[in-house]
Amino acid sequence: MSETPGPRHSDLLTIGQLGKRSGLAASALRYYESLGLIEATRTTGGQRRYTRATLRRIAFVRAAQRVGLSLDEARTALDRLPERPAPSGAEWDAVAASWQNRIDEQIAELERLKSKLTGCIGCGCLSLTRCALYNLGDRAAEAGPGARYLLTRDPATGPEPTTPDVTPCGAR
């Protein structure tokens, strides 16, 4: 008798087992499957079964999300990896290197935020009408305090500014 190719039934995980091992809800696993991030086989009764290698894929997706990648970007990165269960160290390194720019951009953004936050706390204003950190680009703030869109006659065009200039925090 020849052995059927593929994983043995005892090596497959139910959606509940995969959820428990990965820390994700079954609904999240079904969503990941719908996006093509993970794959399931079906039993004759239609129940999902996952290989143990799916745990590695989920860990990869979660790491990608922590770096700031979208689920689409994580799928693209996964698509560059081989189908076998465990990519080589060099293959993982290539994917991780592609994330380096994203990490560097996030660090730079956090540094900019840190400097703005420190300056804003230093000036002490924390004003919703003047603060460049908390009110960046807020057109309604230029018209004064309160529910400006409710107070204006034409909400489609926005409130009419009542002050000629709004000075950002720290620029006084």
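> Go over the overall build of the protein with me, naming the residues and quoting the values.
Helix and strand counts for the protein come out as six helices and three strands. Secondary structure elements in the protein, listed N-terminal to C-terminal, are β-α-α-β-β-α-α-α-α. Long-range contacts, defined as pairs at least 24 residues apart, comprise 49% of the intrachain contacts of the protein with a sequence gap of at least 6. Counting every atom, the protein has about 11,700 Å² of accessible surface; 54% of that belongs to carbon and sulfur.

> Pulling in residues and values, what's your account of the packing of helix α3 (residues 53-67) against helix α4 (residues 71-79)?
Contact geometry of α3 with α4 gives a least axis separation of 9 Å together with a crossing angle of 130°. As judged from the angle between their axes, α3 and α4 are oblique. For the pair α3 and α4, the sense of crossing is right-handed. Contact residues: α3 offers Arg 57, Phe 60, Val 61, Ala 64 and Gln 65, while α4 offers Leu 71, Ala 74, Ala 77 and Leu 78.

> Report on the packing of aromatic side chains, specifying residues and quantitative values.
A complete count under the given rule lists one aromatic pair for this structure. Taken together, a centroid distance of 5.4 Å and an interplanar angle of 50° make the contact between Phe 60 and Trp 99 tilted. Of this pair, Phe 60 sits in helix α3 while Trp 99 sits in helix α5 (residues 89-123), placing them 39 residues apart in sequence.

> So, the sheet that holds strand β3 (residues 48-51): which residues are in play, and what are the values?
Spatial strand order, β1-β3-β2: three strands in an open sheet with antiparallel pairing. If you trace the sheet from one side to the other, it starts and ends with β1 (12-13) and β2 (41-42), each paired once.

Reading guide: rules and limits
Residues numbered from 1 in each chain as written. Predicted model: local features only at pLDDT ≥ 70, side-chain atom pairs only at ≥ 80, totals over all residues. Heavy atoms only, no water. Helix = DSSP H or I, 4+ residues; strand = E, 2+ residues; numbered from the N terminus. Contact = heavy atoms within 4.5 Å. Areas by Shrake-Rupley, 256 points an atom, 1.4 Å probe, with all protein chains shown as cover. Axes fitted to C-alpha atoms, helices over the stretch in contact; angles between N-to-C directions. Parallel < 35°, antiparallel > 145°, perpendicular 65-115°, else oblique. Left-handed = near helix turned anticlockwise from the far one by under 90°. Phe/Tyr/Trp six-rings, centres within 6.5 Å; stacked < 30°, edge-to-face > 60°. Pairing = 2+ DSSP bridges.

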